[in-house]
Amino acid sequence: PVKKLGILKILKEFHDLPRPAQESLLKDLYKYSEEVRLVIENRVIGAADFSDLVGKMERETVGKVRRRRIPNGRTVNAIVSSAKKSRAPYDVMMQLEQLAYQGFIEFLNTYGGGPDSFLDHGPRHLSAYLKLVKRFVPKEQQEDVILEVKQYLLDSNNMLTDYVDDVFTEETGMMINRL
């Protein structure tokens, strides 16, 4: 059986490596995946370019709906998870969550229905977006952002709206009055 070394042992061994070996390991980790690259850039440099991740979310959500394809909930959640693990700034997280909820709602609204899971995905990402708005958007701008979301939801009326309406009301305290 392989014995677990633990992070303290690994850190000690890493620091004992000669500098070229440390650099080589870091280069290998950097190339391992997009997620690891973002973690390293954001943690070491303090900034990372998340535009590829935002583009990936756009293609997976509203981009797919425009091409008459179904967004994949697992892929959407994996993108959000990558951003969280990379400690993406709030504005990036807001973009990702907005694209996520809009992708699921757009699909349901455009086609009048869809996979049952979309009835959970849309509200969950809407909730995450509104929580980010309340936490990070300056108070004087929050109402405008929330009213934009409300209008978006009112315009998206060709679907079962109870779940998104409930989340909107729960997060904002505002009712959505549909005719």
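Before any of the text, the structure's been laid out above.
Rules used in this analysis
Residues numbered from 1 in each chain as written. Predicted model: local features only at pLDDT ≥ 70, side-chain atom pairs only at ≥ 80, totals over all residues. Heavy atoms only, no water. Helix = DSSP H or I, 4+ residues; strand = E, 2+ residues; numbered from the N terminus. Rg over C-alpha atoms; globule rule 2.2 N^0.38 Å. Salt bridge = Lys/Arg side-chain N within 4 Å of Asp/Glu carboxyl O. Phe/Tyr/Trp six-rings, centres within 6.5 Å; stacked < 30°, edge-to-face > 60°. Buried < 20%, exposed > 50% of the residue type's maximum accessible area, 1.4 Å probe, protein only. Expected span 1.5 Å × (residues − 1). Contact = heavy atoms within 4.5 Å. Axes fitted to C-alpha atoms, helices over the stretch in contact; angles between N-to-C directions. Parallel < 35°, antiparallel > 145°, perpendicular 65-115°, else oblique. Core = buried A, V, L, I, M, F, W, Y, C linked by side-chain atoms within 4.5 Å. 1 Å grid on protein atoms, 1.4 Å probe; cavity = no way out; pocket = protein on both sides within 12 Å on 5 of 7 lines; lining within 4 Å. Points joined across faces, edges and corners; volume = space filled by probe spheres on them. Nonpolar A, V, L, I, M, F, W, Y, C, P; charged D, E, K, R; others polar.

Looking only at helices and strands, the protein has 10 helices and 0 strands in total. When the helices and strands of the protein are placed in sequence order, the string is α-α-α-α-α-α-α-α-α-α. Relative to a compact globule of 179 residues, whose C-alpha radius of gyration would be 16 Å, the protein shows 20 Å and is clearly more extended. Over its C-alpha atoms, taken along the principal directions, the protein stretches across nearly 70 × 40 × 30 Å.

This part covers the pattern of salt bridges. It is possible for side chains of opposite charge to pair when their charged atoms get near one another. Taken as a whole and assessed by the stated rule, the structure comprises 10 salt bridges. Close ionic contact of R66 with E58 constitutes a salt bridge, the shortest N to O distance being 2.8 Å. Linked through salt bridges whose partners overlap, the residues forming this network are K131, K134 and E171.

Here we take up the packing of aromatic side chains. Considering all chains together, one arrives at 6 aromatic pairs under this definition. Plain terms: the ring middles of F104 and F118 are 4.8 Å apart, the flat faces sit at 70° to each other, and that makes the pair edge-to-face. With F104 in helix α7 (residues 90-111) and F118 in helix α8 (residues 118-136), this residue pair connects regions lying 14 residues apart in the sequence. Pair check on accessibility: F104 and F118 agree, each one buried. Both rings, one in F107 and one in F118, keep their centres 5.4 Å apart while their planes meet at 75°; by these two values the pair is edge-to-face. Taken together, the residues F107 in helix α7 and F118 in helix α8 connect sequence positions 11 residues apart. One aromatic cluster is present, formed by F104, F107, Y111 and F118 through successive ring pairs.

Attention now moves to α8. Along its 19 residues, α8 runs 27 Å from first to last C-alpha, staying within 8% of the 27 Å computed at 1.5 Å per residue. Within the sequence span of α8, burial applies to F118, H121, G122, P123, H125, L126, S127, Y129, L130, L132 and V133. Turning to α8, the residues buried within the fold contact α6 (73-85), α7, α9 (139-155) and α10 (162-172).

Another point: the packing of helix α2 (residues 19-32) against helix α3 (residues 34-45). The geometry of α2 relative to α3 is characterised by a closest axis approach of 5 Å and an angle of 125° between their N-to-C directions. As the angle between them shows, α2 and α3 are arranged oblique. Two secondary-structure elements touch here, α2 through L26, L29, Y30 and Y32 and α3 through V36, R37, I40 and E41.

Time to look at the nonpolar core. Most often, soluble globular proteins have nonpolar side chains that are buried together. If you look at the biggest cluster of nonpolar residues, it comprises 40 residues, and the most contacted ones within it are M57, L96, L126, Y129, V149 and L153. Secondary-structure elements contributing two or more residues to this core are α4 (51-60), α5 (62-66), α6, α7, α8, α9 and α10. Broken down by element, the residue count for this core peaks at 11 residues, all from α7. With sequence-adjacent residues up to four places away left out, L153 is seen in contact with I105, L126, V164, F168, I176 and R178.

Within the secondary structure, T61 sits in the loop between α4 and α5. A relative accessible area of 0% places T61 in the buried class.

Right, let's talk about α3 for a bit. In this model, α3 (12 residues) spans 16 Å end to end at C-alpha, consistent with the 16 Å of a helix rising 1.5 Å per residue. Turning to α3, its buried residues are R37, L38, I40, E41 and N42. Lining the buried residues of α3 we find α2 and α4. Directly beyond the C-terminal end of α3, a positive phi value near 90° is found at G46.

Quick look at empty space enclosed by the protein now. All chains considered together, the criterion is met by 1 cavity of 30 Å³ or more. Roughly 40 Å³ of internal volume is contained in the largest cavity. Lining the largest cavity are I105, L108, L119, P123, M159, L160, Y163 and V164. Counting residues per element, the ones that place at least two in the lining of the largest cavity are α7, α8 and α10. Its residues assigned to classes, the lining of the largest cavity shows 8 nonpolar, no polar and no charged.

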